[in-house]
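Residue-level structure breakdown
Spelled out from the first residue to the last, the chains are:
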Amino acid sequence: MSATAGRNMTTAAYVAVTIGVAVMVLLTIAPAYEAAHHWVDAVLWACWAYFAFEWAVRLRHAEQTQRTWAYAISGRGLVDAVAAMAIPAAMIGGVDPKTAWLLGVLWVLKVIPGIPGLRQLRRVLVQESGPLLSVLVIFLMVLILASVAVYFLERDVQPASSAACRPPCGGRSSP
């Protein structure tokens, strides 16, 4: 239980993410899902139960150490909350269960803190945020200037939007 409350992912968490995402892919393959939908549903619910349990354990640990709010607004806390709440919230909201289970892809976010290369990338982004922001602004300026230039050069040769989309492009025509 203390391993689950800690910052690092446990082997069980990696297994749950891997199996959950792999089984979630079966939702998109109709013949495979129809052949084993009871097993697919059972495995997905088991993975979700693991993530909900893990989130509850971490919330309890944060409460015991009087860091509930710090955990809840941290990246780890938000990812844990999304992993546990996204699918049930979608189902309660009336989303088709097969579609709601596709939110299980968010479980992959739980792996990010354990990847050393991503930690290094985060460090670089934080340390070099000023120059990177300057490059982003320059790219946006070039994009806007190019868009205006293309609009200026091609606006007269483009067909009118109302004439361009006649049935069957837009569906039914009005009577």
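Not measured: the values here are computed from a predicted model. (Residues numbered from 1 in each chain as written. Predicted model: local features only at pLDDT ≥ 70, side-chain atom pairs only at ≥ 80, totals over all residues. Heavy atoms only, no water.)

Remarks on the overall build of the protein
Worth spelling out the cut-off: Under the scheme used here, helices are H or I runs from DSSP no shorter than 4 residues and strands are E runs no shorter than 2 residues, and both carry numbers assigned from the N terminus. In this scheme, a residue with accessible area under 20% of its type's maximum is buried, one over 50% is exposed, and one in between is partly exposed, where area comes from a 1.4 Å probe on protein chains only. Contacts are assigned to residue pairs that have any heavy atoms within 4.5 Å of one another. For every accessible area listed, the method is Shrake-Rupley and the probe measures 1.4 Å; residues are considered covered only by the protein chains on display.
For the protein, the count of helices and strands is nine helices and zero strands. Across the 175 residues in the protein, those meeting the buried criterion constitute 22%. The long-range share in the protein, meaning contacts at least 24 apart out of those at least 6 apart in sequence, stands at 64%. Taken as a whole, the protein presents about 12,300 Å² of accessible surface, with 69% of it coming from carbon and sulfur.

Overview of the packing of helix α3 (residues 30–64) against helix α5 (residues 75–92)
We count it as follows: Lines fitted to the C-alpha atoms define the axes, with helices restricted to the stretch that makes contact. Angles between their N-to-C directions range from 0 to 180 degrees. What sets the label is the angle itself: under 35 degrees gives roughly parallel, over 145 gives roughly antiparallel, 65 to 115 gives roughly perpendicular, and the rest give oblique. For any helix crossing, the convention is left-handed if the near helix is rotated counterclockwise from the far helix by under a right angle, and right-handed if that rotation is clockwise. Three classes are used, and their members are as follows: Ala, Val, Leu, Ile, Met, Phe, Trp, Tyr, Cys and Pro are nonpolar, Asp, Glu, Lys and Arg are charged, and the others, Gly among them, are polar.
Contact geometry for α3 and α5: axes closest at 9 Å, N-to-C directions at 135°. One way to sum up the angle between α3 and α5 is to call them oblique. Considering how the two elements wind past one another, α3 and α5 form a crossing that is left-handed. Contact residues: α3 offers W45, W48, F51, A52, E54, W55 and R58, while α5 offers R76, G77, D80, A81, A83, A84, M85, P88 and M91. Looking at the contact of α3 with α5 residue by residue, the class counts come to eleven nonpolar, one polar and four charged.

Some points on the packing of aromatic side chains
Just so we agree on the cut-off: What counts as a ring pair is set by centres within 6.5 Å for rings of Phe, Tyr and Trp (its six-membered ring), and what kind of pair is set by the plane angle: stacked under 30 degrees, edge-to-face over 60, tilted for all other angles.
In total, this model carries four aromatic pairs according to the counting rule given. Ring centres of W45 and W48 lie 5.6 Å apart, and the angle between their planes is 85°; this geometry places the pair in the edge-to-face category. Taken as a pair, W45 and W48 lie in helix α3 at a separation of three residues, close to a single helical turn. Overall, the relative accessible area of 39% leaves W45 in the partly exposed class. Arranged with centres 4.9 Å apart and planes meeting at 90°, the rings of W45 and W101 form a pair that is edge-to-face. Taken as a pair, W45 in helix α3 and W101 in helix α6 (residues 97–101) lie far apart in primary sequence, 56 residues in all. Classification of W101 as buried rests on a relative accessible area of 3%. Here the aromatic cluster, defined as three or more aromatic residues joined through ring pairs, consists of W45, W48 and W101.

What to know about the pattern of salt bridges
Rule in force here: Here, a salt bridge means any Lys or Arg side-chain nitrogen found within 4 Å of an Asp or Glu carboxyl oxygen.
Applying the stated rule across the entire model yields five salt bridges. A salt bridge links E54 to R58; the shortest N-O distance between them is 3.5 Å. Here the residue E54 and the residue R58 both occupy positions in helix α3, the gap between them amounting to four residues, near one helical turn. Taken individually, E54 and R58 each receive the classification buried, so the pair is uniform in this respect. Members of the salt-bridge network, linked through shared partners, are E54, R58, D80 and K110.

What about the packing of helix α2 (residues 11–26) against α3?
Where α2 meets α3, the axes come as close as 9 Å, and the angle between the chain directions of the two elements is 150°. Between α2 and α3, the angle falls in the class roughly antiparallel. Note on packing geometry: the crossing formed by α2 with α3 is left-handed. Across the interface between the two elements, A12, A13, A16, V17, I19, G20, V23, M24 and L26 of α2 pack against A32, Y33, V40, V43, L44, C47, Y50, F51 and E54 of α3. When its residues are assigned to classes, the contact of α2 with α3 shows 16 nonpolar, one polar and one charged.

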